[in-house]
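Structural overview for review
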Amino acid sequence: MPDTATDKTYIVRTYGCQMNVHDSERLSGLLEGAGYVRAEDGAAEADVVVLNTCAVRENADNRLYGNLGHLASVKAGRPGMRIAVGGCLAQKDRGEITRRAPWVDVVFGTHNIGSLPVLLERARVQDEAQVEILESLDVFPSTLPTRRESAYAAWVSVSVGCNNTCTFCIVPALRGKEKDRRPGEILSEIEALVAEGVCEVTLLGQNVNAYGSEFGGAANGHGGDREAFAKLLRACGQIEGLERVRFTSPHPRDFTDDVIAAMAETPNVMPQLHMPLQSGSDAVLRAMRRSYRQDRYLGIIERVRAAMPDAAITTDIIVGFPGETEEDFEETMHVVREARFSAAFTFQYSKRPGTPAATMEGQVPKEVVQARYERLVALQEEISWEENKKQVGRTVELLVAEGEGRKNGETRRMSGRAPDNRLVHFAVGDAAAADLPRPGDRVSVEITYAAPHHLNADGPDGGSAIKVLRRTRSGDAWQARQEQPEAERRTAAVALGMPSIGKPAVSASASESAGAENACGVC
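Residues numbered from 1 in each chain as written. Predicted model: local features only at pLDDT ≥ 70, side-chain atom pairs only at ≥ 80, totals over all residues. Heavy atoms only, no water.

Below, the discussion takes up the packing of helix α7 (residues 183-195) against helix α8 (residues 228-236). Two elements in contact, α7 and α8, have axes whose closest approach is 11 Å; the angle formed by their N-to-C orientations is 25°. In terms of orientation, α7 and α8 fall into the roughly parallel class. By crossing handedness, the relation of α7 to α8 is classed as right-handed. Where α7 approaches α8, its residues Ile186, Leu187 and Ile190 are matched on the opposing element by Leu232, Ala235 and Cys236. (Axes fitted to C-alpha atoms, helices over the stretch in contact; angles between N-to-C directions. Helix = DSSP H or I, 4+ residues; strand = E, 2+ residues; numbered from the N terminus. Parallel < 35°, antiparallel > 145°, perpendicular 65-115°, else oblique. Left-handed = near helix turned anticlockwise from the far one by under 90°. Contact = heavy atoms within 4.5 Å.)

Structure, rendered in C-alpha cells:
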C-alpha cells in the first residue's frame, strides 16, 4: 500500500455473528498494516468507513442502506473519504450496492477480505467504485494481519463455510463449503497467541464439531476424520499457559461421545456448551432440514450432564418457523423444560431472502409468533433464574473482563466470567486503583446474589468480595496495551504457512434476543 494512507484513519462497523467479529479484527489488522490508524471519534471523523455486513435477517438490507444514506451526507462534507461494504450482504447483493448507493467506493465479499487495502487504493487512483466478489476462499482469514480487541482472549478459526442445507440459513451460499485448517496450523496460532499473553481461546466455525470432514481420505468419499475435533480439544490441553478453551457452535448431528469425553477430561476445556436447538418439534426440524430429532438432542444433553454435572448449556431457538403449529411449539417448550438451559438466544422467525424457508407455505402470522415468543422467553427467564440461584454460595474463579458491566463504576464493582461463562459482577470496595485486578487477571469470589442473566458477588459490609487475586501474564498484556500509544497498537500476522485455499464469546440471554441478529455462525 502506498504511503498515501499514512496517518489516515479508519473505522470498522460489524453486524452479525462471531465469524463477522473475527473477520472485522482481520480487516482492522489489514488497514493498520497499510498505514491507517483507528479513528477515535467514529465514522464522522474517519477517512475510511468499512461496514462488515450480515445477510441472515429479513431487514438486513434496509439496515445497510439506512446506514449508507447517513454516510452519504458525511462523505459529502469530507472530500477523500472512502466507504467500503463487505461481508455476507455484499457477497449476496454484489453490484446492487453500488447501484443503490453510488457513493460507495468498494464492495468485497466473504472470500476476499484480504483485498480491502488494494481495492481502496484502486478506488482512489481510478476514482471509481471497485467491486470484487470471489466465489471461493482466496486466503484463509487467520493468515491475515489482525487487530484483536482483547489482550487476553482470542477467536481462533478452525474452519470456514458449512456443508449443511438448513432451509432457514443462507450461510452455505455466502461462505461456501466447509474448509478445514490443519491441526498443526491451528495449534501454532494458539501457541503464538499464548506467547502474546492470551489465556483464553474460542475455537470458531460455522459447524465447529464437523471439523475434520476433509481429512483422512474424505476427498475419496471416506467421510474424513470424525474424531478430529476431539483430538484438537485434547491437543489444546497440552499448550502451556492456555487456561481456558471454548468453542462455538457445534451441530447436534455431529456431536459425538468422544467430544464429550474430551471436554470432561481436558482441564482447560471449560464446562460450557452452546448447542443450537432451533426447534423441539421433529416435524419442524424435518422442515428445517436439521438432521437430528428431539430424542437425540435431549440424549446429548443427558450425556453432557452425566460427564460434567455443573456444565452450563445454552442454545438458539427459532419461534414461528413456517408450518409451526401450537403442538409443534409445545414440543419446543417441552425441550426447554427438560434441558434447563442456563440461557437461550431466542429468535422470531423472519424470512431470509434466498433461503427455501422464505417461500414455504404456512408462514405463521406475526401476532401468533409474538405470543409464542413471549411465552418462550418467560419460561426461559424462569429457568435461567432458578439455575442461577443454584450458584449462590459457591466460590468461583473469574477471568476478569473488560467492559461487561454498565453500572460497575457506580456500584464499585468489576466483572468477570466464570468457567461456565456465567457473567459475575463482583465488589471491589474502596481499593485503590493500583490494587484492583486488571482484565485478564483471576479472582476468586463467593456468589451472593442471582438474577436471570448475571450473578453478583458482594463483600461483607460493602467491602471487597475478592478472596484471592491472581495477577497473570494476561493482565500484564492488557496493561501493556493500555500504556501503548494508539498508533502503535498493531499486531502482525502469525506466519503459519497456510494453504492458498484460502471480545470473547458473549453469553446468551433470552431477553436480549428479540431484535438481535440471528448468528449466522450459529447453526
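Where strand β1 (residues 9-14) lies against strand β2 (residues 37-38), two bridges are found, and the strand directions are parallel. Residue pairing for β2: Tyr10 is matched across the bridge by Arg38. One ladder, built from five bridges, connects β1 with strand β3 (residues 48-53); its direction is parallel. Of the residues in β3, the one forming a bridge with Ile11 is Val49. (Pairing = 2+ DSSP bridges.)

Relative orientation of the contacting elements helix α12 (residues 326-339) and helix α13 (residues 366-389) amounts to 10°, with a least axis distance of 10 Å. Judged by the inter-axis angle, α12 sits roughly parallel to α13. For the pair α12 and α13, the contacting residues are Glu326, Phe329, Glu330, Met333, Val336 and Arg337 in the first and Arg372, Arg375, Leu376, Leu379, Gln380 and Ile383 in the second. Looking at the contact of α12 with α13, its residues break down into six nonpolar, one polar and five charged. (Nonpolar A, V, L, I, M, F, W, Y, C, P; charged D, E, K, R; others polar.)

Evaluated as defined, the whole model comprises four aromatic pairs. For the ring pair Tyr292 and Tyr297, a centre distance of 6.2 Å and an interplane angle of 35° mean the geometry is tilted. In this structure, Tyr292 and Tyr297 share a single accessibility class: buried. Ring pairs connect the aromatic residues Tyr292, Tyr297 and Phe341, which therefore count as one cluster. The ring of Trp385 is capped by Lys389, whose NZ or CZ atom sits 4.3 Å from the centre of that ring. (Phe/Tyr/Trp six-rings, centres within 6.5 Å; stacked < 30°, edge-to-face > 60°. Buried < 20%, exposed > 50% of the residue type's maximum accessible area, 1.4 Å probe, protein only. Lys NZ or Arg CZ within 6 Å of the ring centre and 35° of its normal.)

This paragraph deals with the environment of Val445. Checked against the element boundaries, Val445 lands in strand β18 (residues 442-446). Along the sequence, Val445 and Ile466 sit 21 residues apart, while their C-alpha atoms lie 5.2 Å from each other. Sequence-distant contacts of Val445, defined by excluding residues within four places in its chain, comprise Arg394, Thr395, Val396, Leu398, Val424, Phe426, Ala457, Ala465 and Ile466.

Pairing is parallel in the open sheet, where three strands are placed in the order β12-β13-β14. With partners counted over all chains shown, the strands left at the sheet margins are β12 (272-274) and β14 (343-348), one partner each. The sheet shows a mean angle of 10° between the axes of neighbouring strands, taken without regard to direction. Running over the sheet, α13 touches β13 (312-319) and β14 and is turned about 175° from β14.

This brings us to the nonpolar core. Ile190, Leu203, Phe229, Leu233, Phe255, Met263 and Val304 are the most contacted members of the largest nonpolar core, which has 67 residues in total. Ranked by the residues each element gives to this core, the list is headed by α8, at six residues. The contacts of Leu233, once residues within four sequence positions are left out, are Leu203, Val245, Phe247, Val259, Ala262, Met263, Thr266 and Val269. If you look at the next biggest cluster of nonpolar residues, it comprises 24 residues, including Tyr15, Leu64, Tyr65 and Met81. (Core = buried A, V, L, I, M, F, W, Y, C linked by side-chain atoms within 4.5 Å.)

Turning our eyes to something else, we now look at the environment of Ala76. Locating Ala76 in the fold gives a position in helix α2 (residues 60-76). Overall, Ala76 belongs to the exposed group, its relative accessible area being 67%.

This part is about the sheet that holds β3. As summarised here, the arrangement of the six strands in space is β2-β1-β3-β4-β5-β6, forming an open sheet in which the pairing is parallel. In this open sheet, the two edge strands, each paired with only one partner strand, are β2 and β6 (130-132). Sheet topology places strand β5 (residues 106-108) next to β6; three bridges connect them, and they run parallel. Across the sheet, Phe108 pairs through a bridge with Glu132, a residue of β6.

Turning our attention to the pattern of salt bridges. Oppositely charged side chains are able to pair whenever their charged atoms sit close together. Counted according to the given criterion, the structure contains 31 salt bridges. Arg375 is the partner of Glu330 in a salt bridge, and the nearest nitrogen-oxygen pair spans 2.7 Å. With Glu330 in helix α12 and Arg375 in helix α13, this residue pair connects regions lying 45 residues apart in the sequence. In this structure, Lys467 and Glu446 form a salt bridge, with 3.8 Å as the shortest nitrogen-oxygen distance. Taken together, the residues Lys467 in the loop between β20 (455-457) and β21 (468-470) and Glu446 in strand β18 connect sequence positions 21 residues apart. (Salt bridge = Lys/Arg side-chain N within 4 Å of Asp/Glu carboxyl O.)

Okay, the pairing of strand β4 (residues 82-87) next. In terms of burial, β4 is largely enclosed, as six of its six residues are buried. Burial of the side chains of β4 extends over both faces: Arg82, Ala84 and Gly86 are buried on one face and Ile83, Val85 and Gly87 on the other. As paired strands, β3 and β4 are joined by six bridges and run parallel to one another. Bridged to Asn52 within β4 is Gly86.

Residue position: Glu200 is located in strand β10 (residues 200-204). Within the local environment of Glu200, its side chain forms a polar contact with the side chain of Arg246, the two groups lying 3.5 Å apart. (Polar contact = N/O pair within 3.5 Å; in protein donor to acceptor, adjacent residues only side chain to side chain.)

With the exception of glycine, the majority of residues adopt a negative phi angle, and the majority of peptide bonds are in the trans configuration. Following Thr248, the chain continues to Ser249 via a peptide bond in cis, the omega torsion being -5°. Mapped onto the elements of the fold, Ser249 is located in the loop between β11 (244-248) and α9 (257-265). Of note, the phi angle at Arg289 is positive, near 60°, even though the residue is not glycine. Even without being a glycine, Arg340 presents a positive backbone phi close to 50°. Take Arg340: it is sitting in the loop between α12 and β14. A relative accessible area of 26% means that Arg340 is categorised as partly exposed.

Structural measurements only, silent on function.
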